[in-house]
Amino acid sequence: MRTDGGTAVVAVQAGLAALTAVDVAGLPDGQVRTEVLSLLGCLNQLTTALADRIASFDTRDLAHGDGQRVTSTWLVGYGRMSKGAALRWVAHGRCLQQLPALTNGMRAGTVSAERQPTSPT
């Protein structure tokens, strides 16, 4: 089992800093088109990584360490999310734990969170 998530998060942060520093207006049309599709795949993967971690945070009851009763309240306070967004992230994480095929598709970047069911059936 890999445990280098911290290093990977730092690498993603560095990549995002470089990505957001690009002058998009100066990019050729073909490159913009290609990068939109590539970035959508990256967004799907990043969404999965965050949902996985939120699910783990929730399962471990880590909100209690910061004086919060539940994960969604912690996400509102510490993640600066709306209550609705926090509840959706917790639901995404729980759903992914129960639907491995969906999780694999999101990890591969081929399935988006918008196609994710709100609850397992």
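The structure reproduced in this document is the subject of the present report. Fair warning: this is a prediction, and the values are worked out from it, not measured in the lab.

1. Here we look at the environment of W89
Phase 1 of the analysis: Checked against the element boundaries, W89 lands in helix α4 (residues 83-98).
Phase 2 of the analysis: Here the alpha-carbon distance between W89 and A25, two residues 64 residues apart in the chain, equals 33 Å.
Phase 3 of the analysis: The contact partners of W89, leaving out residues within four places of it in the chain, are T47, L50, A51, I54, L75 and M81.

2. A closer look at unusual backbone geometry
Phase 1 of the analysis: A positive phi angle is found at D61, which is not glycine, with a value near 55°.
Phase 2 of the analysis: The phi dihedral of R80 falls on the positive side, at around 55°, and the residue is not glycine.
Phase 3 of the analysis: Tracing the backbone through its elements, the reader meets R80 in the loop between α3 (71-78) and α4.
Phase 4 of the analysis: Among the residues examined, R80 registers a relative accessible area of 72% and is labelled exposed.

3. Regarding the packing of aromatic side chains
Phase 1 of the analysis: Counted according to the given criterion, the structure contains two aromatic pairs.
Phase 2 of the analysis: Look at F57 and W74: their rings are 4.4 Å apart centre to centre, the planes differ by 40°, and that puts the pair in the tilted class. Placement of F57 in helix α2 (residues 29-59) and of W74 in helix α3 is noted, with a sequence separation of 17 residues between them. Here F57 matches W74 in class, with each residue buried.
Phase 3 of the analysis: Measuring from ring centre to ring centre gives 5.2 Å for W74 and Y78, while their planes differ by 15°; the resulting arrangement is stacked.

4. Some thoughts on the packing of α2 against α3
Phase 1 of the analysis: Between α2 and α3, the least distance of the axes is 10 Å, while the angle of their chain directions is 120°. The angle between the axes of α2 and α3 places the two elements in the oblique class. Facing α2, whose interface residues are I54, F57 and D58, α3 presents T71, W74 and L75.
Phase 2 of the analysis: Grouping the constituent residues of the contact of α2 with α3 by class yields four nonpolar, one polar and one charged.

5. Some remarks on the nonpolar core
Burial of nonpolar side chains together is a common tendency in soluble globular proteins.
Phase 1 of the analysis: Counting residues in hydrophobic clusters, the biggest one holds 15 residues, and the most contacted among them are I54, W74, L75, M81, W89, L96 and M106.
Phase 2 of the analysis: At five residues, α4 tops the list of elements feeding residues into this core.
Phase 3 of the analysis: Not counting the four nearest positions on each side in its chain, I54 is found in contact with T71, L75, W89 and V90.

6. A word on the side chain of T48
Phase 1 of the analysis: Among the structural elements, T48 can be located in helix α2.
Phase 2 of the analysis: For T48, the residues in contact, after removing those within four places along its chain, are L96, T103, M106 and R107.

Analysis parameters
Residues numbered from 1 in each chain as written. Predicted model: local features only at pLDDT ≥ 70, side-chain atom pairs only at ≥ 80, totals over all residues. Heavy atoms only, no water. Helix = DSSP H or I, 4+ residues; strand = E, 2+ residues; numbered from the N terminus. Contact = heavy atoms within 4.5 Å. Buried < 20%, exposed > 50% of the residue type's maximum accessible area, 1.4 Å probe, protein only. Phe/Tyr/Trp six-rings, centres within 6.5 Å; stacked < 30°, edge-to-face > 60°. Axes fitted to C-alpha atoms, helices over the stretch in contact; angles between N-to-C directions. Parallel < 35°, antiparallel > 145°, perpendicular 65-115°, else oblique. Nonpolar A, V, L, I, M, F, W, Y, C, P; charged D, E, K, R; others polar. Core = buried A, V, L, I, M, F, W, Y, C linked by side-chain atoms within 4.5 Å.

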